[in-house]
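Per-entry structural report
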Amino acid sequence: MLQALEAAKEAEARGEVPVGAVLVKDGEIIARGFNHNIGLNDPSAHAEMQCLREAGRALDNYRLLDTTLYVTLEPCAMCAGAMVHSRISRLVFGACDEKTGAAGTVVNLVQHPAFNHQIEVVQGILAEECSSMLSAFFRRRRHEQKALKQKAREGSPE
């Protein structure tokens, strides 16, 4: 999870929402990803999706059997669906996502009984660190937006 936090820091350094992910197979990190939606103008460029894409290339297979995905924030429905399709074995995440979490908080797509694959889930690993990073990012963004609006009001003729 510490490596996923490092990837999240990389996202933040690029002005992206700080979410990071790493995929592990046989004790080795085979892929990493971080949110890159803004920079790529791609709504699917979540940390998990970036990581799964890189892992598929690394393993030369879209089936990512016997792997564990570590991610700083609970996956959304899009990412959870991709994880089920890729057949990862285990998901470990830090912070729960109270708005769009699809690994048990809002819905549980990764363990849905109608699907032909369910993923083992471990949640809350380094949750405070993961949550704090996200909270600080959004607090800073709100402050920046407020400052821009104030500056625009001060500069506009009335």
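For clarity, every value in this text was computed on a predicted model and none was experimentally measured. (Residues numbered from 1 in each chain as written. Predicted model: local features only at pLDDT ≥ 70, side-chain atom pairs only at ≥ 80, totals over all residues. Heavy atoms only, no water.)

For the rest of this paragraph, the subject is the pairing of strand β1 (residues 20-25). It is a general feature of regular strands that their side chains alternate between the two faces of the sheet. Taken across its six residues, β1 has five buried, putting it largely inside the fold. Counted between consecutive antiparallel strands, the loop separating β1 from strand β2 (residues 28-34) contains two residues, among which D26 sits at a positive phi close to 55°. Across five bridges, β1 lies against strand β3 (residues 67-73) in antiparallel orientation. Note that in β3 the partner of L23 across the bridge is L69. (Buried < 20%, exposed > 50% of the residue type's maximum accessible area, 1.4 Å probe, protein only. Helix = DSSP H or I, 4+ residues; strand = E, 2+ residues; numbered from the N terminus. Pairing = 2+ DSSP bridges.)

The topology assignment puts Q50 in helix α3 (residues 47-59). With relative accessibility at 19%, the residue Q50 sits in the buried group. Leave out the neighbours within four places in its chain, and Q50 touches R32, G33, F34, H36, L40 and A45. (Contact = heavy atoms within 4.5 Å.)

How two helices pack is summed up by the angle between their axes together with the distance between the axes. The N-to-C vectors of helix α1 (residues 2-13) and helix α5 (residues 127-155) enclose an angle of 5°; their axes lie 11 Å apart at closest approach. By the angle between their axes, α1 is roughly parallel relative to α5. Touching L5, A8, K9 and E12 of α1 are E129, C130, M133, F137 and R140, all from α5. Residue composition of the contact of α1 with α5, by class: five nonpolar, no polar and four charged. (Axes fitted to C-alpha atoms, helices over the stretch in contact; angles between N-to-C directions. Parallel < 35°, antiparallel > 145°, perpendicular 65-115°, else oblique. Nonpolar A, V, L, I, M, F, W, Y, C, P; charged D, E, K, R; others polar.)

With that settled, consider the layout of surface pockets. In this structure, the largest pocket spans a volume of roughly 600 Å³. Forming the boundary of the largest pocket are 23 residues, of which L73, D97, T100, L134 and F138 lie nearest the centre. Secondary-structure elements contributing two or more residues to the lining of the largest pocket are α2 (37-40) and α5. Considering each element in turn, the lining of the largest pocket owes the most residues, four residues, to α5. In the lining of the largest pocket, the residues fall into 11 nonpolar, six polar and six charged. (1 Å grid on protein atoms, 1.4 Å probe; cavity = no way out; pocket = protein on both sides within 12 Å on 5 of 7 lines; lining within 4 Å. Points joined across faces, edges and corners; volume = space filled by probe spheres on them.)

Here we take up unusual backbone geometry. Unusually for a residue other than glycine, N41 sits at a positive phi of about 50°. On the secondary structure map, N41 appears in the loop between α2 and α3. Even without being a glycine, D66 presents a positive backbone phi close to 60°. Inspection of the secondary structure puts D66 in the loop between α3 and β3.

Of all hydrophobic cores here, the largest spans 34 residues; its most connected members are L23, L69, M83, I88, L91 and I119. Mapped by element, the contributors of at least two residues to this core are α1, β1, α3, β3, α4 (77-86), β4 (90-95) and α5. (Core = buried A, V, L, I, M, F, W, Y, C linked by side-chain atoms within 4.5 Å.)

Let us look at α3. Over its 13 residues, α3 runs 18 Å from end to end, which matches the ideal 18 Å to within 8%, given 1.5 Å per residue. Inspection of α3 places A47, E48, M49, Q50, C51, L52, A55 and G56 among the buried residues, and these make up the whole buried set. For α3, the secondary structure elements touched by its buried residues are β1, β2, α2, β3 and α4. (Expected span 1.5 Å × (residues − 1).)

Opposite charge on two side chains permits them to pair, given that their charged atoms come into close proximity. Counted according to the given criterion, the structure contains five salt bridges. When the shortest N-O distance is used, the salt bridge between E6 and K9 registers 3.3 Å. Highlighted residues: E6 and K9, both in helix α1, separated by three residues, approximately one helical turn. The salt bridge involving E120 is made with R90; its shortest N-O contact spans 3.6 Å. With E120 in strand β5 (residues 120-123) and R90 in strand β4, this pair connects stretches of sequence that are 30 residues apart. On the basis of relative accessible area, R90 is assigned to the partly exposed category, the value being 26%. (Salt bridge = Lys/Arg side-chain N within 4 Å of Asp/Glu carboxyl O.)

No statement about biological role is implied by the geometric values presented.
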